[in-house]
Amino acid sequence: MSQSTLSVIEINNIKKSYKDKNVLDDLSIHINAGQIIGLVGRNGAGKTTLIESIMGLRDIETGDIKVWQEFLGDLSQEQKEQIGFVQQDPIGFEWMRVWQYIEYFGGFFRGWDKAYSERLLEKWQLDKKSRIADLSGGQQQMLQVIQVLSIKPKLLILDEPVAHLDPNMRRQFLAELVELTCELETTVLFSTHIISDLERVASHIALLSHGKIEHFYELEKLKESAASLLFENEIPETRQFDNLINWQSINNGCKAIVAKPNGISISQMEKQLDISIQSQPLSLEDWYLEVTNETNS
Amino acid sequence: MTSSSMTSLFSLNTSSGIPIYRQLIDQIKQAIRMNLLKTNEQLPSVRNLASALQINPMTISKAFAQLEIEGILIRKRGVGMLVAENQPQQKISEDIEKALSEFVQLSRQQDLDDETIMMLLQQSLSVNLPNGKPQ
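Residues numbered from 1 in each chain as written. Chains lettered and ligands numbered in written order. Predicted model: local features only at pLDDT ≥ 70, side-chain atom pairs only at ≥ 80, totals over all residues. Heavy atoms only, no water.

Q: Can you tell me about the interface of chain B and chain A, naming the residues and giving the values?
A: Contacts between the two partners involve 21 residues from chain B and, on the opposite side, 22 residues from chain A. Overall, the association of chain B and chain A removes approximately 2000 Å² of surface from exposure, summing both partners, and the carbon and sulfur fraction of that is 53%. The three residues of chain B that bury the most area against chain A are B:Thr14, B:Arg47 and B:Gln54, which together make up 32% of that side's buried surface. Viewed at the interface, chain A and chain B are joined by two salt bridges. Connecting chain B to chain A are 10 residue pairs in polar contact (both at pLDDT 80 or more). Elements with a contribution of two residues or more to the side of chain B that touches chain A: helix H2 (20-33), helix H3 (46-53) and helix H4 (57-69) of chain B. Here the residues of the side of chain B that touches chain A sort into 10 nonpolar, eight polar and three charged. (Contact = heavy atoms within 4.5 Å. Buried area = accessible area lost by both parts, 1.4 Å probe. Salt bridge = Lys/Arg side-chain N within 4 Å of Asp/Glu carboxyl O. Polar contact = N/O pair within 3.5 Å; in protein donor to acceptor, adjacent residues only side chain to side chain. Helix = DSSP H or I, 4+ residues; strand = E, 2+ residues; numbered from the N terminus. Nonpolar A, V, L, I, M, F, W, Y, C, P; charged D, E, K, R; others polar.)

Written out as structure tokens, the structure is:
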């Protein structure tokens, strides 16, 4: 896979508020070709608002959004047809049958691979003749995913694509996603609460909090640097490090949660403090809980 | 080996805190040691393995690249990654030798007999499993 640095999504200083609540507050993020970004954040953090703003479904107050270096309104028809998007909203079109839905929406995209959508329907055991109204929430989500994968998008934006899927289906979906990104080098932005899925397939993690992307890291680098450190004595200097997320004193000692790929490393900390540090690697989920838990000091 | 049978060699743990590519590296090395992957055997392509394991292809590439640097896998143009014929002998680093000798000295200073020292080492091995998995 080529490591292209071509900009796919470029968001600069956007703001969006509902009544007096700033949901997106001076938010910026740059996403390059081939990256697979897992977007996380608490409920109500604004993930859906961000995704819908990128898709042009919501007006932003200030700032700008470019896709493939163009403003949304300037994208060509052909470019628009290379963007796959799955919303969280119910699928609608309840009177349609599965196959009618696939054919109807496929028709809008010149990249639509009819045979591929048929293969996926069969593989994921969705009956072509079922009425959408009779499908479960999970099956409706699968149908949307099949539709969007089979247009062979170069950019895929998914708002909680796996929320209603059972673990087996989630794995199958992830396998298909990996397959597609290998084949087309598709850039993917997906929001999720399932951190373990994100960890498998994402190249980067973006955490939305307080209206901003507060953390945006290459996943492997984050995992290399995330750790829980235990100190026998309470060492005040440990509070000064730029990689610190949380700090807690325990009896006479203290515990520091650290993780910032661009901050100081643990071995550098050891040198500075001239001690050896007991460190336990931190799972991504634990890192997420640490950085989003506002009650921690 | 097909990518689907290859996947059964791996058990990737996303809650362990160990980066997935590291887990892959360790588990490929282990499979080679156990002869589950044989000399000159071809590994599945990055794409097939990524899809079979449902993980980002970059992660696989990174693990393969690291194993290539270490001389455990070799890259054959137009074929893919193969298990190297001459597996590099594990080099014991100076750090480990130093730590080991310090451990032995300290144990002797505290009048521990050889049997107890061996037992301590075994205990530690059984508590600290590879990949950071607690028992």
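Q: Tell me about the domain arrangement of chain A, and name the residues and values.
A: All names here are of chain A. Partitioning chain A into structural domains gives domain 1 (3-219) and domain 2 (226-292). Here the C-alpha centre of domain 2 lies 35 Å away from the C-alpha centre of domain 1. Contact with domain 1, which involves 11 residues of that partner, is made by nine residues of domain 2. Roughly 980 Å² of surface becomes buried between domain 1 and domain 2 when both sides are summed, with 77% attributable to carbon and sulfur atoms. The tally of links from domain 1 across to domain 2 stands at zero salt bridges. Inspection of the region where domain 1 meets domain 2 yields three residue pairs in polar contact (both at pLDDT 80 or more). The set of elements that each furnish at least two residues to the side of domain 1 that touches domain 2 consists of helix H7 (195-201), strand S9 (204-209) and strand S10 (212-218). Per element, the largest residue contribution to the side of domain 1 that touches domain 2 is three residues, and it comes from H7. (Domains from an automatic or database assignment.)

Q: Give a description of the sheet that holds strand S8 (residues 187-191) of chain A that names residues and reports values.
A: Residue and element names in this part refer to chain A. Reading across from one edge, S6-S7-S8-S3-S9-S10 is the order of the six strands in this open sheet, with mixed pairing throughout. Lying at the two open borders of the sheet, with one neighbouring strand each, are strand S6 (83-86) and S10. Going across the sheet, the axis of each strand differs from the next one's by a mean of 15 degrees, ignoring polarity. Packed onto the sheet, helix H5 (residues 137-149) meets S6 and strand S7 (155-159) and runs at close to 175 degrees relative to S6. The strands touched by helix H10 (residues 284-292) within the sheet are strand S3 (36-40), S9 and S10, with S9 carrying the most contacts at an inclination of about 25 degrees. (Pairing = 2+ DSSP bridges. Axes fitted to C-alpha atoms, helices over the stretch in contact; angles between N-to-C directions.)

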